[in-house]
Amino acid sequence: MTKLTHLTMAEARDGLAAKSFSAVELVEAHLRAVEAGRGLNAFVTETPELAVERARASDARIAAGQAGAMEGLPIGMKDLFCTEGVRTTACSRILENFVPQYESTVSANLLKAGAVAVGKTALDEFAMGSSNQTSYFGPVVNPWTKTSDPAAKLVPGGSSGGSAAAVAARLVLGATGTDTGGSIRQPAAFCGIVGIKPTYGRCSRWGVVAFASSLDQAGPMTRTVRDSAIMLGAMAGYDPKDSTSANVAVPNFEAALTGDIRGLKVGIPTEYRPDGLSPEISKLWEDGIAMLKAAGATPVEISLPHTKYALATYYIVAPAECSSNLARYDGVRYGLRVEGKTLDEMYAKTRAAGFGKEVRRRILVGAYVLSAGYYDAYYAKAQKVRRLIAEDFRKAFETVDVILTPTAPSAAFGIGETDDNPVTMWLNDVFTIPTSLAGLPGLSLPTGLSSDGLPLGLQLIGRPFDEETVLKVADVMEKAAGFTAVPASVEG
């Protein structure tokens, strides 16, 4: 029999329904994997006792014929989702010992569906980073290695790198992520898994530690498209506690995987072929286009002319919102406090000690662009450009059903490789940021390996609240690509 940790979410669901194994057996197998995989540093907090307790409850519900959509399935919860009675740190020293007395809506939805969280996964501090190297608890290690240098430790991408690494290493069947500028899709590409950022407003942000409120969106990270459809259905839904939550029905995403994309038009944006684009990424993209043509879809060249401004726009809007959101961490109400002689000194000392270098950098950038003398020149202008970027997509979707692009400009790179240049790090999100600025659904799908044996991903972008088409096309591409490679450490 296939090892329990190597099952997909759909296979595990079917196995539980057939009584091939129990939820306790399934969860305990993954808890052993989490323990064995601690060298990856994918988890900040492990919750084995709570997980087994919930697995027992899942077995009881399955026996009573009351199983939820994710009953008994072990998952990781990104440590940005507040979990009642379980430490939630955002991987920052300033929240190192914070234990919420409430549950985020997304994690509550997953619990209601029967999912069993085995722990809280690591991330870049406050979700600010593209490599998982800014965490107060140390970097996460990608379970994949280069064929040319197996000893080199690689980043898993970020900010949801702990979730991506845990799913790729078979420590959990799936995990939650959050995506502000690419933080689900880029680590999914680096770790060879599927990750979908739903439409902004599809999943509630209530109880999720905020980075940039007009961009943050929760989504699933899994090993297959079907698993993402299952998990997204459990996570999504209208939430009156979140003013940005969209009051729209949640479709049966799994039912959308019909395997038939004949007649669909797929946009291929010319602006996503910048000078110097890696030949490997170009070939991956061409191969993806060929898969879609073979399945009966029609590629259509499109233009998204304001794409070139997206990165600069994002790094004005996101830091501005971050500087505002992180103002609440002052040492007064909760979290770290470093005493000072005056209130102002206590504020300054607490924030200096509690925030890491990248977070401080973004707070300073954000405070600058929001300041009286520069607000119109930077922030107001960035918001205008953001509207133009969204309008580009709106026009494109008048003629196409979905858009295909690369997910990231390269495969995973080495830990510490880009520490000296934050702009180089920010460039990792060049293909994912436009989708986030427009609030559109975007999915990363692994479709091939680099010459060094590392996974590479392609991105599918859809119309607002049309995750069904994105998932349907991704499912067809997944089958055509036949991507079955796994990290060497988990083979067998």
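Residues numbered from 1 in each chain as written. Predicted model: local features only at pLDDT ≥ 70, side-chain atom pairs only at ≥ 80, totals over all residues. Heavy atoms only, no water.

Undergrad: Quick rundown of the overall build of the protein? Include the residues and the values.
TA: Helix and strand content of the protein: 15 helices and 11 strands. Projected onto its principal axes, the C-alpha coordinates of the protein cover approximately 65 × 55 × 50 Å. A buried classification covers 59% of the 492 residues belonging to the protein. Within the protein, residue pairs in contact and separated by at least 24 positions form 78% of the contacts whose partners lie at least 6 positions apart. Of the roughly 18300 Å² of accessible surface on the protein, a fraction of 53% belongs to carbon and sulfur atoms. In the protein, 48 side chains carry a positive charge and 52 a negative one; their mean positions are 3 Å apart. (Helix = DSSP H or I, 4+ residues; strand = E, 2+ residues; numbered from the N terminus. Buried < 20%, exposed > 50% of the residue type's maximum accessible area, 1.4 Å probe, protein only. Contact = heavy atoms within 4.5 Å. Areas by Shrake-Rupley, 256 points an atom, 1.4 Å probe, with all protein chains shown as cover. Lys, Arg positive; Asp, Glu negative; His and termini not counted. Charge placed at Lys NZ, Arg CZ, Asp CG, Glu CD.)

Undergrad: Quick rundown of the nonpolar core? Include the residues and the values.
TA: Of all hydrophobic cores here, the largest spans 152 residues; its most connected members are Met70, Leu110, Phe126 and Leu404. In terms of residues, this core owes the most to one element, helix α9 (residues 310-325), which gives 9 residues. Ignoring sequence-local partners within four residues, the contact set of Leu404 consists of Val266, Gly267, Ile268, Pro269, Trp285, Gly288, Ile289, Leu292, Leu458, Gln459, Leu460 and Met477. (Core = buried A, V, L, I, M, F, W, Y, C linked by side-chain atoms within 4.5 Å.)

Undergrad: Give a description of the packing of aromatic side chains that names residues and reports values.
TA: By the definition in use, this model includes 15 aromatic pairs. Summarising the aromatic geometry, the rings of Phe126 and Phe355 are spaced 5.9 Å apart at their centres and angled 70° between planes, so their arrangement reads as edge-to-face. Here Phe126 is found in the loop between β3 (116-121) and α5 (161-168), whereas its partner Phe355 is found in the loop between α10 (343-354) and α11 (357-370), with 229 residues between them in sequence. Taken together, the aromatic side chains of Phe98, Phe126, Tyr329, Tyr334 and Phe355 make up a single cluster linked through ring pairs. The residue whose ring lies beneath Arg273 is Trp285, and the NZ or CZ to ring-centre distance is 4.1 Å. (Phe/Tyr/Trp six-rings, centres within 6.5 Å; stacked < 30°, edge-to-face > 60°. Lys NZ or Arg CZ within 6 Å of the ring centre and 35° of its normal.)

Undergrad: Any chance you could break down the environment of Arg386 for me, citing the residues and the numbers?
TA: With respect to the helices and strands, Arg386 occurs in helix α12 (residues 375-396). On the basis of relative accessible area, Arg386 is assigned to the buried category, the value being 11%. In this structure the C-alpha to C-alpha distance between Arg386 and Ala210, which are 176 residues apart in sequence, comes to 20 Å. If we ignore the near neighbours within four places in the chain, the residues touching Arg386 are Ser214, Leu215, Thr313, Val317, Glu321, Ser436 and Leu437. A polar contact of 2.9 Å, which involves the side chain of Arg386, links it to the backbone oxygen of Leu437. (Polar contact = N/O pair within 3.5 Å; in protein donor to acceptor, adjacent residues only side chain to side chain.)

Everything listed here is a matter of coordinates, which is why it stays silent on function.
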